[in-house]
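Spelled out, the chains give:
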Amino acid sequence: MGKKTALRVDNIGVKFRMTSERVDNVKDYAIKFLKRELRYHEFWALKDVSFRVAKGDRVGILGLNGAGKSTLLKVIAGVLKPTEGSILRYGKIVPLLELGAGFENQYSGRENVFLYGAMLGYPREFLKDRYDEIVAFSELGDFINVPLKNYSSGMKARLGFSIATIVEPEILILDEVLSVGDAKFRKKSEKKIKAMFDKGITVLFVSHSIGQVRSLCDKAIILEKGHLIAQGDVETVSGLYEEAIK
């Protein structure tokens, strides 16, 4: 008997309308819009993308910059609505996309734990119970009480990662998040992600590192200019990708 489906992506397409001319401010945009002087060209970031992911699969998503990888993850996570097609998700999804994108720089690290955690859908009581664990993993120490405007980008990423990974999802979406912080923290974060893998969660993973994809994934797909051009076991697909980018 085959494994149950965790994710089903059917004929997904995402179309963006981009202005063909420069508009310097909102006022100019409004005037041109009302006068019907704005000209657009359409751009398909994704087109006719279909695949299935079984429960427990760890799927690497490969492709050059602009291939549509991050757009695909945002659609799967529900952050972006597709122009066409449909997605069925079977299980709770935790997306690790733009870590700390909802942080408020004027607030302390402690305040941002509760702010960012709420944005991710975590109850306040849950965050209070796990607060010490979040701070310990982030290694911020007394900096947790300092406003984020004084944090380095690495410190913000560490805090974001520590908050986002405090739960154990059924489907985990990773977009280049294993490159956060210094080498020591990257190793620590990769170890935590692998521990989550060992519990049989389903994973979608974007990375520019083929080595990371081979290390963490058992399946892979390749996107090229918004189209899915290959899918299968990780060794076969990553080998095709290596040949394509030589």
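Residues numbered from 1 in each chain as written. Predicted model: local features only at pLDDT ≥ 70, side-chain atom pairs only at ≥ 80, totals over all residues. Heavy atoms only, no water.

Trainee: Give me the pairing of strand β8 (residues 219–224): which residues, what numbers.
Mentor: Judged from the 4 bridges that link them, strand β3 (residues 58–62) and β8 form a sheet pairing that is parallel. Bridge pairing in β8 places Val-59 opposite Lys-219. Two strands pair when backbone bridges link them, and β8 and strand β9 (residues 227–233) are joined in this way by 6 bridges, in the antiparallel orientation. The residue of β9 that forms the bridge with Ile-222 is Ala-230. (Pairing = 2+ DSSP bridges. Helix = DSSP H or I, 4+ residues; strand = E, 2+ residues; numbered from the N terminus.)

Trainee: So what's going on with the environment of Gly-56? Which residues, and what values?
Mentor: Here Gly-56 is to be found in the loop between β2 (40–54) and β3. Taking relative accessible area as the criterion, Gly-56 reaches 21% and is therefore assigned partly exposed. Expressed as a C-alpha distance, the spacing of Gly-56 and Asp-218, which sit 162 residues apart in the sequence, is 9.8 Å. Leaving out residues up to four positions away in the same chain, Gly-56 has contacts with Lys-3, Gly-200, Ile-201, Thr-202 and Asp-218. (Buried < 20%, exposed > 50% of the residue type's maximum accessible area, 1.4 Å probe, protein only. Contact = heavy atoms within 4.5 Å.)

Trainee: Can you tell me about the layout of surface pockets, naming the residues and giving the values?
Mentor: Reported here for the largest pocket is a volume of approximately 340 Å³. Taken together, 16 residues form the lining of the largest pocket, with Val-79, Pro-95, Leu-97, Tyr-116 and Leu-120 sitting closest to its centre. Counting residues per element, the ones that place at least two in the lining of the largest pocket are β5 (93–96) and α3 (109–119). By residue number, the principal contributor to the lining of the largest pocket is β5, which donates 4 residues. Taken together, the residues of the lining of the largest pocket break down into 12 nonpolar, 1 polar and 3 charged. (1 Å grid on protein atoms, 1.4 Å probe; cavity = no way out; pocket = protein on both sides within 12 Å on 5 of 7 lines; lining within 4 Å. Points joined across faces, edges and corners; volume = space filled by probe spheres on them. Nonpolar A, V, L, I, M, F, W, Y, C, P; charged D, E, K, R; others polar.)

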